[in-house]
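Architecture and fold: a report
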Amino acid sequence: MKFPHSMLLDFVQTDLSAHEVGDLLTMAGFELEGIEEVGGELVLDIKVMSNRGDGLSVFGLAREVLAKDANANPTELYQRAALRFVGAPKISTPNPVAVRIESADCSRFACRYFEGVTNGQSPEWIQQRLFQAGQRPISLVVDLTNYVMLELGQPLHAFDAEKLGNQIVVRKATEGETLKTLNGIEHQLNSGQLMICDAKRPVGVAGVMGGLETEVEPDSTCLVLESAHFLNTSIRRTRKQLGLNTDASYRFERSVDPDGVVAAIERFTELLEISGSEIVDVYPGKVERNPLSLRVDRASRLLGMTIKEEQAASYLRRLGMEVAGHGDPYYVIPPSWRPDIVREIDLVEELGRVHGYDQIPEKNPEGLTTLGGSLGKYLLDDFVRDAAVRAGFVQCISHSLRDVHPLDAATERIQPRNPGSPEMAHLRNSIWPSLADAAVRNGGRDLHLFECGRVFGAIEGQMYEESEISFLSTGRLVDATRANEVVPTTDFFGMKGVLDEVAKRIGVTLRYSSDSVDSRLHPTRQAKVVNGTGVVVGAVGQIHPEIATGLGLEEMTFLGTINMDKVAENEDLSLRLRSISRNPAVRRDIALLVDKSVAYEQVASQIAGAAGDVLERQWLFDVYDGKGIPEGKHSLGIGLQFRKLGANFTDEEANQVRDRVVLALSELGGSIR
């Protein structure tokens, strides 16, 4: 809001310069956006927050200056404005206009009738100040309505009384009604828009703009001055629908003081210097203001600075609030122009603004601090994403709404009530369709993609929402570095290894069961994924050839998924630490002849159990089933690494551990070659 510095001095006696006033208002929460010289005087441009409509007037900002500047004093004009101009001469001339309010969106409506008005030019000093505030002087009546709005923040509107008639009705428009506003545009009205009407038709858009047919013209001698209070959301809705934006609507949208309606008419009458009639004041929406409790000690703790009880009471009274009690607590009634104050914490903020945030003492932070970064489930999600990227996969992010797809899970699909399009008519119950679509869009070859997201579905009518990480891999794992080089390609065991690495990153060991039957996967190249407690947490396998053909993917495309909500179910994920040995490790290799029907998982488990804590690492480095190997068997080359804490492993000790491992493997039918 722009206003000249001299206009503020009409309300406040202060030695502060325009720049100092701007700094003071900034510290009070009304940021100074700029100062410029207009017409030989400095003009301040103040930014007012959307919930502080009381700051959209010079009177309101003067109140802030008086609250923060102990050396400032109110002028006679300020005191009369604070008392709502109650000293204005009483008028007994009847008002010929009747007012009726038919909508709760209007809480108060007042008007005064004037006759014998000479609507020429306004005084030069008013024109000068309006020009400095960025407004265009028009005529005496219009300029005075704008000037009072700038002074007090209450929009006014004048009608030509002869065109208006003797009845005003505040109501919602009816379908089919039209109104031509002062800007010459004719609007089609709808039933939700609040209008100012005469006995038959709309004559103005409430709180926004008057109608052209009742405009005050240079030769108008009789007028009806309107001053009202409207629901801010109603004004905003109507203004947006009609595409209008005015200084009046700007203020009404940010809440105008309902108790200042009549005061604005009195100030207009004073400036017009014509007495007019009695004021018709219809006020059905008067709100009873209830006291709020304020504990000054608590306010001091919250603000981090000490405010004395007498200071707190003084600050609040200077802001126009009623204060009762002795400080433990105070009972405070916010003024009618502050609808934003509804809780004790709002009063605490007022104390902080007036006392000054710059008064908060400087000291080092103290107390406990929480651990930074992700925690809990979100930390697990970060871990699995990190593991997937380390495995060479690229993350995708897709929409959770989509159409049906051959790779959908077997559970029921859930539909939103009002889907935007058939292509987004269902919530996904699997991430595989999204990965398949992404693969097709990117050529469908040599791709390794993953996505971590939510899936939705229903089982026997019971809806669920879960988190999954899913993978799609097809083609070469690395690029060839020379001509005719044979490079590894993805396969079932590669995808299985990726799932193992992801689970290992969060401290979970996965097992696999071949009794899985998932129609989306190859019948003989699939497995269900089980965690350490026996809970099924996912699936892995090659895509079904028919589905691959239908989607345009390679047959050797492999899919995997882990349910993140279930994978850690009943698992102990607490961090386990142990000392690092400074002593060297000892390696022993074994070549195990064992039936192919024995899963390597069983072999690894037997080795770990037999070797105990000294087993630092085991790995499979060779599989051979050629010449010299009996039918149905294969030879597994397994590396074993042993290490003790605080002592060296002797050859004899290492051999003893190896022998225990060999003995344990014999229980699986294995023997050493």
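Residues numbered from 1 in each chain as written. Predicted model: local features only at pLDDT ≥ 70, side-chain atom pairs only at ≥ 80, totals over all residues. Heavy atoms only, no water.

**As for the packing of helix α5 (residues 124-132) against helix α6 (residues 140-152)**
Each pair of packed helices can be summarised by the angle the axes make with each other and by the distance between the axes. What counts here: Every axis corresponds to a line fitted to the C-alpha atoms, with the helix fit spanning only the stretch in contact, and the corresponding angles, defined between N-to-C directions, vary from 0 to 180 degrees. Put simply, DSSP H or I for four residues or longer makes a helix, DSSP E for two residues or longer makes a strand, and each gets a number counted from the N terminus. For classification, angles of less than 35 degrees are called roughly parallel, those exceeding 145 degrees roughly antiparallel, those between 65 and 115 degrees roughly perpendicular, and all remaining angles oblique. When the near helix sits turned anticlockwise from the far one by under a right angle, the crossing is termed left-handed; a clockwise turn instead gives a right-handed crossing. Here, two residues are considered to be in contact whenever any of their heavy atoms come within 4.5 Å of each other. Put simply, Ala, Val, Leu, Ile, Met, Phe, Trp, Tyr, Cys and Pro go in the nonpolar bin, Asp, Glu, Lys and Arg in the charged bin, and everything else, Gly too, in the polar bin.
One way to put it is that α5 packs onto α6 with a least axis distance of 10 Å and a crossing angle of 55°. By the angle class used here, α5 and α6 are oblique. Crossing geometry of α5 relative to α6 is assigned as left-handed. Residues Trp125, Ile126, Gln127, Arg129 and Leu130 of α5 form the contact with α6, whose own contacting residues are Asp143, Leu144, Asn146 and Tyr147. Of the residues in the contact of α5 with α6, the class split is 5 nonpolar, 2 polar and 2 charged.

**Some thoughts on the sheet that holds strand β20 (residues 394-395)**
Put simply, the test is: What makes two strands pair is DSSP finding at least two bridges between them.
Read from one edge of the open sheet, 7 strands run β20-β23-β24-β28-β27-β26-β25, paired in mixed fashion. Where the open sheet ends on each side, the last strands, each with one partner, are β20 and β25 (511-513). In terms of strand pairing, strand β24 (residues 462-474) meets strand β28 (residues 557-563) through 7 bridges, oriented antiparallel. Of the residues in β28, the one forming a bridge with glutamate 468 is asparagine 563.

**Comments concerning the side chain of asparagine 95**
Formally: Partly exposed residues are those whose accessible area sits between 20% and 50% of the maximum for their type, while under 20% is buried and over 50% is exposed, using a 1.4 Å probe and protein chains only. Side-chain atoms alone can form a polar contact between residues adjacent in sequence; in general such a contact is a pair of N or O atoms within 3.5 Å, and within protein one must be able to donate a hydrogen while the other accepts it.
Structurally, asparagine 95 can be placed in the loop between α4 (76-82) and β6 (98-101). According to the relative accessible area criterion, asparagine 95 is buried, its value standing at 15%. Here cysteine 111 takes part through its backbone oxygen, which lies 3.2 Å from a polar atom of the side chain of asparagine 95. Only 3.0 Å separates the side chain of asparagine 95 from the backbone oxygen of glutamate 278, close enough to count as a polar contact. Among all residues touching asparagine 95, those that are not within four sequence positions of it are Cys111, Arg112, Tyr113, Ser277, Glu278 and Val280.

**Details of the layout of surface pockets**
What counts here: Definitions used throughout: a 1 Å grid over protein atoms alone; a cavity as a set of points that fits a 1.4 Å probe which cannot get out; a pocket as an open set with protein on both sides within 12 Å along at least five of seven lines; a lining residue as one with an atom within 4 Å of a point. Grid points are joined across faces, edges and corners, and a volume is the space filled by probe spheres set on the points.
Here the largest pocket defines a volume of roughly 2,000 Å³. Taken together, 41 residues line the largest pocket, and the ones lying closest to its centre are Lys496, Asp500, Thr509, Leu510 and Ala604. Sorting the residues of the lining of the largest pocket by element identifies α16 (492-505), β25, β26 (521-530), α19 (600-611) and β30 (615-624) as the ones contributing at least two each. Residues that form the lining of the largest pocket fall into these classes: 16 nonpolar, 12 polar and 13 charged. Within this model, the second largest pocket holds a volume of roughly 930 Å³. Those elements that place two or more of their residues in the lining of the second largest pocket are α6, β8 (156-160), β13 (202-205), β14 (209-210), β15 (223-230) and α9 (247-253). When residues in the lining of the second largest pocket are grouped by element, the largest group, 5 residues, is from α6.

**With respect to the environment of serine 220**
Within the fold, serine 220 resides in the loop between β14 and β15. By relative accessible area, serine 220 is classed as buried at 6%. Expressed as a C-alpha distance, the spacing of serine 220 and glutamate 115, which sit 105 residues apart in the sequence, is 9.2 Å. Apart from the residues within four sequence positions on either side, serine 220 is in contact with Val117, Asn119, Asp160 and Glu215.

**Let's talk about helix α14 (residues 376-390)**
Think of an α-helix as turning once every 3.6 residues; residues three or four places apart then point the same way. Just so we agree on the cut-off: Here, expected helix span is obtained from the residue count minus one, scaled by 1.5 Å.
Here α14 contains 15 residues, and its C-alpha end-to-end distance of 22 Å stays within 8% of the 21 Å for a straight helix at 1.5 Å per residue. Among the structural elements, β23 (447-459), β24, α16 and α18 (564-567) are those in contact with the buried residues of α14. Looking one or two residues beyond α14, the residue adopting positive phi is glycine 392, at roughly 95°.

**Observations concerning unusual backbone geometry**
You will see that arginine 84, though not glycine, has its phi angle at about 65°, which is positive. Here the phi dihedral of glutamate 460 falls at roughly 55°; this positive angle occurs in a residue that is not glycine. Position of glutamate 460 relative to the elements: it lies in the loop between β23 and β24. You can call glutamate 460 exposed: its relative accessible area is 78%.

**Describing the packing of aromatic side chains**
For clarity, the threshold we go by: Two aromatic rings from Phe, Tyr or Trp, using only the six-membered ring of Trp, form a pair when their centres are within 6.5 Å; if the ring planes differ by under 30 degrees the pair is stacked, by over 60 it is edge-to-face, and anything between is tilted. In this analysis the charged atom, NZ for Lys or CZ for Arg, is taken to sit over a ring once it is within 6 Å of the ring centre and within 35 degrees of the ring normal.
Evaluated as defined, the whole model comprises 9 aromatic pairs. What links up through ring pairs into an aromatic cluster is the set Phe11, Phe59 and Tyr78. When the ring centre of phenylalanine 649 is taken as reference, the NZ or CZ atom of lysine 644 above it lies at 5.5 Å.

**Things to note about the pairing of strand β7 (residues 106-114)**
A large share of β7 lies buried, amounting to 9 of its 9 residues. Bridge count between β7 and β15: 8 bridges; the pairing is antiparallel. By the bridge assignment for β15, phenylalanine 114 is matched with leucine 223. Pairing of β7 with strand β16 (residues 279-282), which is carried by 4 bridges, proceeds in the antiparallel orientation. Residue pairing in the sheet places arginine 112 in a bridge with isoleucine 279 of β16.

**Some thoughts on the sheet that holds strand β1 (residues 2-4)**
Here we have 3 strands laid out as an open sheet, ordered β1-β4-β3, and antiparallel in their pairing. In this open sheet, the two edge strands, each paired with only one partner strand, are β1 and β3 (32-38). Strand-to-strand twist in this sheet, taken as the mean axis angle between neighbours without regard to direction, amounts to 25°. Alignment of β1 against strand β4 (residues 41-46), held across 3 bridges, turns out to be antiparallel. Considered in β4, the bridge of lysine 2 is made with aspartate 45.

**Remarks on the environment of threonine 181**
As for its position among the elements, threonine 181 is in the loop between β10 (178-180) and β11 (186-188). Residue class for threonine 181 comes out buried when judged on its relative accessible area of 0%. Once the C-alpha coordinates of threonine 181 and valine 208 are considered, the two residues, 27 residues apart in sequence, prove to be 9.7 Å apart. Reaching out from threonine 181, the side chain makes a polar contact with the side chain of histidine 187 at a distance of 3.2 Å.

**A few points about empty space enclosed by the protein**
Under the definition given, this model contains 1 cavity of 30 Å³ or more. Empty space within the largest cavity amounts to approximately 210 Å³. Looking at the largest cavity, it is lined by 18 residues, and the ones nearest its centre are Ser57, Phe59, Arg84, Leu152 and Asp257. When its residues are assigned to classes, the lining of the largest cavity shows 7 nonpolar, 7 polar and 4 charged.

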